[in-house]
Protein chains: 2
Amino acid sequence: MLTIYGVLRSRASRNVWLAHELGMPFEHVPVIQAGRAEGSGVALNTRSPEFLRINPNGRIPAMKDGDLVLAESLAINLYMAKKAGGALAPKDLAEDAQMTAWTIWAMTEAEPHTIEVLYNSIGKPPAERDAAKLAAAVAALKAPFAVLDAALAKDGFLVGGRFTVADLNLAEVMRYAQPAPQLFEAAPNVKTWLAACQARPAFQRMMEERNKEPA
Amino acid sequence: MLTIYGVLRSRASRNVWLAHELGMPFEHVPVIQAGRAEGSGVALNTRSPEFLRINPNGRIPAMKDGDLVLAESLAINLYMAKKAGGALAPKDLAEDAQMTAWTIWAMTEAEPHTIEVLYNSIGKPPAERDAAKLAAAVAALKAPFAVLDAALAKDGFLVGGRFTVADLNLAEVMRYAQPAPQLFEAAPNVKTWLAACQARPAFQRMMEERNKEPA
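Keep in mind it's a predicted model, so treat the numbers as computed, not measured.

Here is what the cut-offs are and how they apply
- Residues numbered from 1 in each chain as written.
- Chains lettered and ligands numbered in written order.
- Predicted model: local features only at pLDDT ≥ 70, side-chain atom pairs only at ≥ 80, totals over all residues.
- Heavy atoms only, no water.
- Buried < 20%, exposed > 50% of the residue type's maximum accessible area, 1.4 Å probe, protein only.
- Helix = DSSP H or I, 4+ residues; strand = E, 2+ residues; numbered from the N terminus.
- Arc of directions from axis to C-beta.
- Contact = heavy atoms within 4.5 Å.
- Buried area = accessible area lost by both parts, 1.4 Å probe.
- Salt bridge = Lys/Arg side-chain N within 4 Å of Asp/Glu carboxyl O.
- Nonpolar A, V, L, I, M, F, W, Y, C, P; charged D, E, K, R; others polar.
- Least-squares fit on C-alpha atoms with pLDDT ≥ 70 in both.
- 1 Å grid on protein atoms, 1.4 Å probe; cavity = no way out; pocket = protein on both sides within 12 Å on 5 of 7 lines; lining within 4 Å.
- Points joined across faces, edges and corners; volume = space filled by probe spheres on them.
- Pairing = 2+ DSSP bridges.
- Right-handed = clockwise from strand over helix to strand, strands pointing away.
- Core = buried A, V, L, I, M, F, W, Y, C linked by side-chain atoms within 4.5 Å.
- Domains from an automatic or database assignment.

1. Re helix α8 (residues 188-198) of chain B
Residue and element names in this part refer to chain B.
Here's step 1: Looking only at α8, the buried set comprises Val 190, Trp 193, Leu 194, Cys 197 and Gln 198. End-on view of α8: buried residues confined to an arc of 125°, all on one side of the axis.
Here's step 2: Tucked into the core, α8 has its buried residues touching α1 (12-22), α5 (131-152), α6 (165-175), α7 (181-185) and α9 (201-211).

Written out as structure tokens, the structure reads:
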């Protein structure tokens with residue numbers, strides 16, 4: 001059985017959502033960000049020596065499956081999907097390449113800006129939010145939203161005309177932009193796609209578990 | 001035959017280096033960054049309608065192989081290595097996962113900082129360089145260099161005890177940090193590893209071709 005390290009109020013949400021999609025059993029070790037550790041009641045944090053032996057980068061999530069230890073949430077998901085096989089995984093090398101490329105696109109074109117939307121709207125305490133950073137992030141996302149909207153126009157999914165790990169990986173990155181609904185109003189295919197992703201029972205189950213964790 | 005789009009003074013260097021390693025024939029279409037297009041003599045730039053039909057993100061490199069069109073330099077390299085097979089490619093799913101994870105690590109932990117080292121040392125005109133940004137980038141790289149140094153201590157490579165596409169992908173990201181030699185002096189395994197990567201004939205051939213392009 002594989003182990004997923006990281007509280008659900010972190011990028012570990014991506015891995016737990018996928019595990020639920022795949023019906024893949026896993027042990028969950030709730031490691032918390034060091035900055036949130038005090039008073040959390042969570043035994044391990046990202047600077048705990050025991051966790052640094054798993055991921056010397058001191059970041060969550062991490063994953064262990066037998067002798068294989070992995071960091072980087074999106075790489076973990078590509079591995080889990082391929083290990084399980086089935087509809088969420090690539091069926092050939094071309095799909096593998098496209099799923100990897102969309103996953104990297106999520107990291108390079110979207111996440112640096114979507115995380116700023118989140119932090120500067122609902123993520124940080126009001127006094128720490130920066131309206132200029134929020135506006136800059138929304139402006140920077142217009143072009144990627146347009147590219148994604150066009151890519152989804154054909155059949156509503158990123159690769160192979162079906163929901164795959166690529167959609168899941170990108171959906172979790174785009175979730176951070178939801179406090180800026182104007183981006184989704186301007187990209188109706190993105191809005192429909194993200195709603196379909198988040199309507200999936202495995203996502204809803206993960207979010208219910210996540211919402212039970214202390215904020 | 002596959003096509004690689006992008007001048008070598010861009011992240012297309014990664015793809016051309018790998019093609020040379022693999023002995024993989026390719027057509028090279030030298031698309032230039034729109035901001036460098038004027039007076040360059042290069043026919044296509046990243047805002048040319050003909051290129052935007054290949055990569056609507058307007059970024060180089062991009063790749064076309066039959067019906068498959070890919071963006072994102074590091075995803076292109078994982079695809080090319082797997083297509084070719086052999087020592088540079090993963091031999092199983094665990095190696096595939098580790099190579100993907102190191103590639104993503106290069107993007108998340110290293111490149112945002114190594115590119116700032118480059119820009120603020122030799123990359124930008126002297127008047128545009130920011131010494132504070134350079135110092136901040138060097139400081140941010142100390143922890144990732146230490147993690148990488150420890151990972152290389154066992155056998156000098158990232159995955160499987162041999163030079164693979166993971167080393168190549170990360171080496172091109174770490175090249176940007178070479179104007180800060182103090183980082184490498186503090187991480188001797190990283191220094192030895194990068195020198196070994198850059199001593200490879202395929203890298204030297206790519207750099208010779210690159211240096212013939214206008215600066």
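2. Thoughts on the interface of chain A and chain B
Here's step 1: Across the boundary between the two partners, chain A contributes 26 residues, which contact 26 residues of chain B.
Here's step 2: The three residues of chain A that bury the most area against chain B are Glu 72, Leu 93 and Ile 104 of chain A, which together make up 22% of that side's buried surface.
Here's step 3: There are 4 salt bridges connecting chain A and chain B.
Here's step 4: A salt bridge links Asp 96 of chain A to Lys 82 of chain B, with the shortest nitrogen-to-oxygen separation between them at 2.6 Å.
Here's step 5: Put simply, the parts of the chain that give the side of chain A that touches chain B at least two residues each are β4 (68-71), α3 (73-84) and α4 (93-123) of chain A.
Here's step 6: Per-element accounting of the side of chain A that touches chain B gives the leading share, 12 residues, to α4 of chain A.
Here's step 7: Class assignment for the residues of the side of chain A that touches chain B results in 16 nonpolar, 4 polar and 6 charged.

3. Let's talk about the relation of the copies chain A and chain B
Both copies of the chain are related through a single rotation about an axis accompanied by a shift along the same axis.
Here's step 1: In screw terms, the move from chain A to chain B is a rotation of 180° and a rise of 0.0 Å along the axis, fitting with an RMSD of 0.0 Å. Here the two chains are linked by the operation of a two-fold rotation axis. The position closest to the rotation axis in chain A is occupied by the C-alpha of Ile 104 of chain A, lying 3.8 Å away.
Here's step 2: With an isologous cut-off of 70% or more, the 100% of interface residues of chain A that recur at the interface of chain B puts this contact in the isologous class.

4. Concerning empty space enclosed by the protein
Here's step 1: Enumeration over the complete set of coordinates arrives at 1 cavity of 30 Å³ or more.
Here's step 2: Taken as a whole, the largest cavity encloses approximately 40 Å³ of empty space.
Here's step 3: As for the largest cavity, its lining consists of Leu 93, Asp 96, Ala 97 and Thr 100 of chain A together with Ala 75, Leu 78, Tyr 79 and Lys 82 of chain B.
Here's step 4: Counting only elements with at least two residues in the lining of the largest cavity, the list comes to α4 of chain A together with α3 (73-84) of chain B.

5. Here we look at the pairing of strand β1 (residues 2-5) of chain A
Residue and element names in this part refer to chain A.
Here's step 1: Along β1, one buried face is formed by Leu 2 and Ile 4 and the opposite face, lined by Thr 3 and Tyr 5, is buried too.
Here's step 2: Summarising the sheet, β1 and strand β2 (residues 26-29) pair through 4 bridges and their orientation is parallel. When the bridges of β2 are listed, Ile 4 appears paired with His 28.
Here's step 3: Crossover handedness for the path β1 to helix α1 (residues 12-22) to β2: right-handed.
Here's step 4: Of the pairings in the sheet, the one linking β1 to strand β3 (residues 62-65) comprises 3 bridges and is antiparallel in character.

6. Structural notes on the nonpolar core
Here's step 1: Membership of the largest hydrophobic core comes to 123 residues, with the highest contact counts inside it found for Met 80, Leu 148 and Trp 193 of chain A together with Met 80, Leu 148 and Trp 193 of chain B.
Here's step 2: Excluding residues within four positions of it along the chain, Leu 148 of chain B makes contact with Trp 102, Trp 105, Leu 158, Leu 170, Met 174, Val 190 and Trp 193 of chain B.

7. Details of the domain arrangement of chain A
All names here are of chain A.
Here's step 1: One can read the domain layout of chain A as domain 1 (2-85) and domain 2 (93-202).
Here's step 2: On a C-alpha basis, the centres of domain 1 and domain 2 stand 22 Å from each other.
Here's step 3: Listed per partner, the contact involves 12 residues of domain 1 and 19 residues of domain 2.
Here's step 4: Ranking the residues of domain 1 by area buried against domain 2 places Trp 17, Leu 74 and Leu 78 at the top, with a combined share of 47%.

8. Focus: the environment of Pro 144 of chain A
All names here are of chain A.
Here's step 1: Topologically, Pro 144 is positioned in helix α5 (residues 131-152).
Here's step 2: Look at Pro 144 and you get buried, because its relative accessible area is 6%.
Here's step 3: Along the chain, Pro 144 and Trp 105 lie 39 residues apart, while their C-alpha atoms are 9.2 Å from each other.
Here's step 4: When near neighbours in sequence (up to four residues on either side) are disregarded, Pro 144 contacts Trp 105 and Glu 109.

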